[in-house]
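# Inside the fold
Now for the letters of each chain:
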Amino acid sequence: MDMNCRLCIVVPCYNEEDALPVTGPKFVEHLRKMVAEGHVDKDSKVVFVNDGSKDATWGVIKKLHDENKEVVGLNLAHNRGHQNALMAGLMYAKDHGDVAISIDADLQQDINAMSLFIDEYKKGCDVVFGVRNSRDTDSFFKRTTAGAFYKFSKWLGCDLYENSADYRLMSSKALEALSEYEEVNLFLRGIIPTLGFKTSVVYFDVSPRMQGESKYSLRMMIKLALDGITSFSIKPIRLVFLMGVAAIFIAVVMLIHILIDYINNNVVQGWPSILASIWILGGNILLSIGIVGEETIWKQRNDQGIL
Ligand code: UDP
Ligand code: MG
């Protein structure tokens with residue numbers, strides 16, 4: 001083989017005791033097939049990250065490890081969420097392999113696309129995004145909310161690949177850059193395009209989840225979407241700033257109104273002072289938040305060298 005290609009398949013797992021006994025061996029089998037076909041080196045691994053599961057997931061991972069030399073298990077002490085579990089696995093992969101491919105434990109994503117990812121890597125790409133062909137298998141609710149989210153983030157100026165799940169390849173070079181990123185509210189599919197590596201796209205099919213239920217509750221989906229929007233767009237903060245400007249404008253109009261009423265001897269006792277203070281104070285508070293937010297964002301971007 002012309003270049004080193006130790007692959008780590010990174011699989012975050014949260015309460016997957018139903019899916020993992022079925023999908024786990026499939027990951028191993030597929031890795032062996034890729035080794036046999038010469039796509040990847042023989043010391044490639046499947047890295048299962050237990051995201052503080054409350055069921056027997058860790059036991060399943062230990063069993064998979066005992067039975068297959070390719071399997072590595074990472075055990076997080078608490079449930080830290082999909083993105084953090086993924087990050088833990090990727091950081092392991094950075095030190096133990098040349099490329100990492102992240103994929104969900106339920107194998108909804110077509111595992112056969114992996115060799116296409118590897119082909120792109122061998123052509124010199126450091127990041128390869130998996131983009132799903134269609135959302136037919138998702139519920140109507142998930143399809144419409146996801147669609148709206150991608151449209152909204154595009155409007156906000158966040159550069160996402162539409163329908164790109166967290167099924168993607170990263171070289172250890174790209175992982176090294178990712179490891180230097182100090183973002184608390186991780187939204188990997190937003191961060192990775194900003195790293196600035198040569199990227200490419202592979203299309204894949206999605207099938208329905210066979211075992212267990214979706215581990216993404218509505219609450220988690222909302223948190224992920226909010227993290228995505230607030231970490232990658234300045235627009236919400238601009239909106240606050242503009243609201244402050246508008247409130248101060250209203251305050252000025254209010255003051256003129258009060259003055260005219262006062263001259264005409266037309267004022268109700270107490271009304272002018274209460275109204276004026278509400279709008280002046282409110283406007284100042286919103287403006288200040290806007291300024292502080294703006295400064296924080298610019299400082300952050302400056303630190304990360306995005307500017
Ligand atoms: N997951 C995780 N931590 C969580 C929630 C989910 O590691 O807190 C994992 C889960 O085990 C799966 C992946 O994230 O491997 C995607 O979850 P799921 O398939 O339930 O999401 P969906 O396909 O419904 O978007
Ligand atoms: Mg799934």
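Quick look at the structure, then. These numbers were taken from a predicted model, which means no experiment stands behind them.

## Topic: the overall build of the protein chain
Each helix and strand in the protein chain was counted, giving 10 helices and 7 strands. Computed over its C-alpha atoms, the radius of gyration of the protein chain comes to 25 Å, more than 25% above the 19 Å expected for a compact globule of 307 residues. With respect to the three principal axes, the spread of C-alpha positions in the protein chain is 95 × 40 × 35 Å. Partitioning the contacts of the protein chain with sequence separation of at least 6, the portion at a separation of at least 24 is 80%. Surface exposure of the protein chain reaches about 16,100 Å², of which carbon and sulfur atoms provide 59%. The distance from the centre of the 32 positive side-chain charges to the centre of the 37 negative ones in the protein chain is 1 Å.

## Considerations on the coordination of the magnesium ion (ligand 2)
The magnesium ion (ligand 2) binds to the protein through Asp-106 (OD) and Gln-108 (OE1); the donor distances cover 1.8 to 2.0 Å. Look at Gln-108 and you get buried, because its relative accessible area is 18%.

## Considerations on unusual backbone geometry
Its identity is not glycine, yet Asn-15 carries a phi of approximately 50°, on the positive side. Of note in the backbone geometry, Leu-107 takes a positive phi value of approximately 55° without being a glycine. Residue position: Leu-107 is located in the loop between β4 (99-102) and α4 (114-122). With a relative accessible area of 14%, Leu-107 lands in the buried category.

## Quick word on the site of ligand 1
Around ligand 1, 18 residues are found, and the nearest of them are Glu-16, Asp-51, Asp-106, Ser-214 and Lys-215. The side chain of Glu-16 places a nitrogen or oxygen atom 2.6 Å from an oxygen atom of ligand 1. When grouped by side-chain class, the residues that make up the shell around ligand 1 number 6 nonpolar, 5 polar and 7 charged.

## Some points on α4
All buried positions along α4 are accounted for by Met-114, Ser-115, Phe-117, Ile-118, Glu-120 and Tyr-121. One or two positions beyond α4, positive phi appears at Gly-124, with a value near 110°.

## Brief notes about the pairing of strand β5 (residues 127-132)
As a general feature of sheets, a regular strand has side chains that alternate between the two faces. Counting buried residues in β5 gives 6 out of 6 residues, a clear majority hidden from the surface. Every second residue of β5 is oriented toward a common face, with Val-127, Phe-129 and Val-131 on one face and Val-128, Gly-130 and Arg-132 on the other, all of them buried.

## Observations concerning the nonpolar core
It is characteristic of soluble globular proteins that their nonpolar side chains tend to be buried jointly. If you look at the biggest cluster of nonpolar residues, it comprises 35 residues, and the most contacted ones within it are Leu-7, Ile-9, Val-11, Phe-27 and Phe-48. Taken together, the elements giving at least two residues each to this core come down to β1 (7-13), α1 (20-36), β2 (45-51), α2 (57-67), β4, α4, β6 (164-171) and β7 (199-204). When residues in this core are grouped by element, the largest group, 5 residues, is from α1. Not counting chain neighbours up to four residues away, the residues in contact with Leu-7 comprise Leu-31, Met-34, Val-40, Ser-44, Lys-45, Val-99, Ala-100, Ile-101 and Ile-118.

## Quick look at the state of the cysteines
If you walk through the whole model with that rule in mind, you get 0 disulfides. No disulfide involves Cys-8; its nearest neighbouring cysteine sulfur is the one of Cys-5, lying 10 Å away. Exposure remark for Cys-8: the relative accessible area of 0% places this residue in the buried category. You can see Cys-125 has no disulfide; the closest cysteine sulfur is in Cys-5, sitting 13 Å from it.

## Some thoughts on the side chain of Ser-102
Here Ser-102 lies in strand β4. Assessed through its relative accessible area of 1%, Ser-102 is described here as buried. Only 2.9 Å separates the side chain of Ser-102 from the backbone oxygen of Asp-166, close enough to count as a polar contact. Ignoring sequence-local partners within four residues, the contact set of Ser-102 consists of Val-10, Leu-86, Asp-166, Tyr-167 and Arg-168.

## Overview of a nonpolar patch on the surface
Taken together, the side chains of Phe-249, Ile-250, Val-253, Ile-274, Ile-278 and Trp-279 present a nonpolar region at the surface, about 570 Å² in accessible area. Turning to its location among the elements, Ile-278 is positioned in helix α10 (residues 271-303).

## Some words on the pattern of salt bridges
Enumeration over the complete set of coordinates arrives at 12 salt bridges. Lys-63 is the partner of Glu-67 in a salt bridge, and the nearest nitrogen-oxygen pair spans 3.6 Å. Of this pair, Glu-67 and Lys-63 are both found in helix α2, 4 residues apart, which corresponds to roughly one turn of the helix. Both residues of the pair, Glu-67 and Lys-63, count as exposed. Arg-238 is the salt-bridge partner of Glu-294, the closest N and O atoms lying 2.6 Å from each other. Here Glu-294 is found in helix α10, whereas its partner Arg-238 is found in helix α9 (residues 235-263), with 56 residues between them in sequence. Given a relative accessible area of 18%, Glu-294 falls into the buried group. Arg-238 gets classed as partly exposed once you look at its relative accessible area, which sits at 37%. Overlapping salt bridges bring together Glu-16, Asp-106 and Arg-209 as one network.

Reading the values: rules and limits
- Residues numbered from 1 in each chain as written.
- Chains lettered and ligands numbered in written order.
- Predicted model: local features only at pLDDT ≥ 70, side-chain atom pairs only at ≥ 80, totals over all residues.
- Heavy atoms only, no water.
- Helix = DSSP H or I, 4+ residues; strand = E, 2+ residues; numbered from the N terminus.
- Rg over C-alpha atoms; globule rule 2.2 N^0.38 Å.
- Contact = heavy atoms within 4.5 Å.
- Areas by Shrake-Rupley, 256 points an atom, 1.4 Å probe, with all protein chains shown as cover.
- Lys, Arg positive; Asp, Glu negative; His and termini not counted.
- Charge placed at Lys NZ, Arg CZ, Asp CG, Glu CD.
- Donors = N, O, S within 2.8 Å, 3.2 Å for Na, K, Ca; no water.
- Buried < 20%, exposed > 50% of the residue type's maximum accessible area, 1.4 Å probe, protein only.
- Near = heavy atom within 4 Å.
- Polar contact = N/O pair within 3.5 Å; in protein donor to acceptor, adjacent residues only side chain to side chain.
- Nonpolar A, V, L, I, M, F, W, Y, C, P; charged D, E, K, R; others polar.
- Core = buried A, V, L, I, M, F, W, Y, C linked by side-chain atoms within 4.5 Å.
- Disulfide = S-S within 2.5 Å.
- Patch = residues over 30% accessible without salt bridge, like charges linked within 9 Å, V, L, I, M, F, W, Y side chains within 5 Å.
- Salt bridge = Lys/Arg side-chain N within 4 Å of Asp/Glu carboxyl O.

That is the geometry; function is a separate question.
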